[in-house]
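Each chain is listed here by its residues.
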Amino acid sequence: MRKNADISRHLEEERLAGVVVHNGLAYLAGQVTDDASLDTEGQTVDVLRQIDALLASLGTDKSRILSVQIFLTDIGEIGAMNRAWDAWLDPASKPARATVEAKLAVPEWRVEMTAIAALK
């Protein structure tokens with residue numbers, strides 16, 4: 001972790017930080033599957049697992065997510081993505097959400113998500 005006054009950057013890579021924290025908010029970089037052989041539903045489950053783990057590492061959880069952006073390579077797969085999403089979602093703490101079709105950096109990736117969450 002690297003701090004810059006009131007901004008902290010976690011899980012830094014060559015071109016990005018996996019999480020940036022500022023003013024009580026955590027900004028998660030795009031999360032993609034660890035197993036590109038999975039179908040859209042399976043990749044979504046994996047991405048949501050990663051989001052849960054990142055939030056836990058910051059001392060917060062999915063009930064504190066404010067917004068999520070979802071990128072699907074095929075918007076026709078939104079039903080498969082929503083099955084995983086609905087199984088994961090806390091109905092009492094729904095975030096704002098946008099879902100769009102997009103070409104992702106790796107052709108085998110089917111879904112990518114970013115999120116903003118409040119810290120506890």
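The coordinates are above.
No experiment lies behind these values; they were computed from the predicted model shown. (Residues numbered from 1 in each chain as written. Predicted model: local features only at pLDDT ≥ 70, side-chain atom pairs only at ≥ 80, totals over all residues. Heavy atoms only, no water.)

**Focus on the overall build of the chain**
Logical step 1: When its secondary structure is counted, the chain shows two helices and seven strands.
Logical step 2: Taking 2.2 N^0.38 as the reference for a compact globule, 120 residues should give roughly 14 Å; the C-alpha atoms of the chain span a radius of gyration of 14 Å, in line with that estimate.
Logical step 3: Dimensions along the principal axes, computed over C-alpha positions, put the chain at roughly 45 × 35 × 20 Å.
Logical step 4: Counting all 120 residues of the chain, 38% fall into the buried class. (Helix = DSSP H or I, 4+ residues; strand = E, 2+ residues; numbered from the N terminus. Rg over C-alpha atoms; globule rule 2.2 N^0.38 Å. Buried < 20%, exposed > 50% of the residue type's maximum accessible area, 1.4 Å probe, protein only.)

**Some points on the side chain of Glu112**
Logical step 1: One can find Glu112 in strand β7 (residues 111-118).
Logical step 2: One buried charge, Glu112, has no salt-bridge partner; the nearest side chain with opposite charge is Arg15, at 13 Å.
Logical step 3: Not counting chain neighbours up to four residues away, the residues in contact with Glu112 comprise Gly30, Gln31, Val32, Gln69, Ile70, Phe71 and Leu104. (Lys, Arg positive; Asp, Glu negative; His and termini not counted. Salt bridge = Lys/Arg side-chain N within 4 Å of Asp/Glu carboxyl O. Contact = heavy atoms within 4.5 Å.)

**Structural notes on the environment of Glu41**
Logical step 1: Take Glu41: it is sitting in helix α1 (residues 40-57).
Logical step 2: You can call Glu41 partly exposed: its relative accessible area is 27%.
Logical step 3: Remark: the alpha-carbon pair of Glu41 and Asn23, spanning 18 residues in sequence, is separated by 33 Å.

**Quick word on the environment of Leu48**
Logical step 1: Here Leu48 lies in helix α1.
Logical step 2: For the pair formed by Leu48 and Val32, sequence separation is 16 residues and the distance between their alpha carbons is 9.2 Å.
Logical step 3: For Leu48, the residues in contact, after removing those within four places along its chain, are Ala84, Trp85, Trp88 and Met113.

**Notes on the packing of aromatic side chains**
Logical step 1: Under the defined criterion, the tally for this structure stands at one aromatic pair.
Logical step 2: Both rings, one in Trp85 and one in Trp88, keep their centres 5.2 Å apart while their planes meet at 50°; by these two values the pair is tilted. On the criterion of helical spacing, the pair formed by Trp85 and Trp88 is a turn pair, its members being three residues apart in helix α2 (residues 78-88). Here Trp85 and Trp88 have matching classes, each one buried.
Logical step 3: Sitting over the ring of Trp85, Arg97 keeps its end group 5.0 Å from the ring centre. (Phe/Tyr/Trp six-rings, centres within 6.5 Å; stacked < 30°, edge-to-face > 60°. Lys NZ or Arg CZ within 6 Å of the ring centre and 35° of its normal.)

**Here's the deal with the nonpolar core**
Across soluble globular proteins, nonpolar side chains show a tendency to be buried alongside one another.
Logical step 1: Leu28, Ile51, Ile65, Ile70, Trp85 and Met113 are the most contacted members of the largest nonpolar core, which totals 22 residues.
Logical step 2: When contributions to this core are tallied by element, the ones reaching two or more residues are β3 (17-22), β4 (25-31), α1, β5 (65-72), α2 and β7.
Logical step 3: Broken down by element, this core gets its largest block of residues, five residues, from α1.
Logical step 4: If we ignore the near neighbours within four places in the chain, the residues touching Met113 are Ala29, Gly30, Gln31, Thr44, Val47, Leu48, Ile51, Val68, Gln69, Ile70, Met81 and Trp85. (Core = buried A, V, L, I, M, F, W, Y, C linked by side-chain atoms within 4.5 Å.)

**Looking at the pairing of β3**
Logical step 1: As paired strands, strand β2 (residues 7-12) and β3 are joined by five bridges and run antiparallel to one another. Counterpart to Ser8 in the pairing with β3 is Val21.
Logical step 2: The loop that links β2 with its antiparallel partner β3 comprises four residues.
Logical step 3: The pairing of β3 with β4 spans four bridges and is classified as antiparallel. Within β4, the position partnered with His22 by the bridge is Leu25.
Logical step 4: Counting the residues between successive antiparallel strands, the hairpin from β3 to β4 contains two residues, one of them, Asn23, with a positive phi of roughly 55°. (Pairing = 2+ DSSP bridges.)

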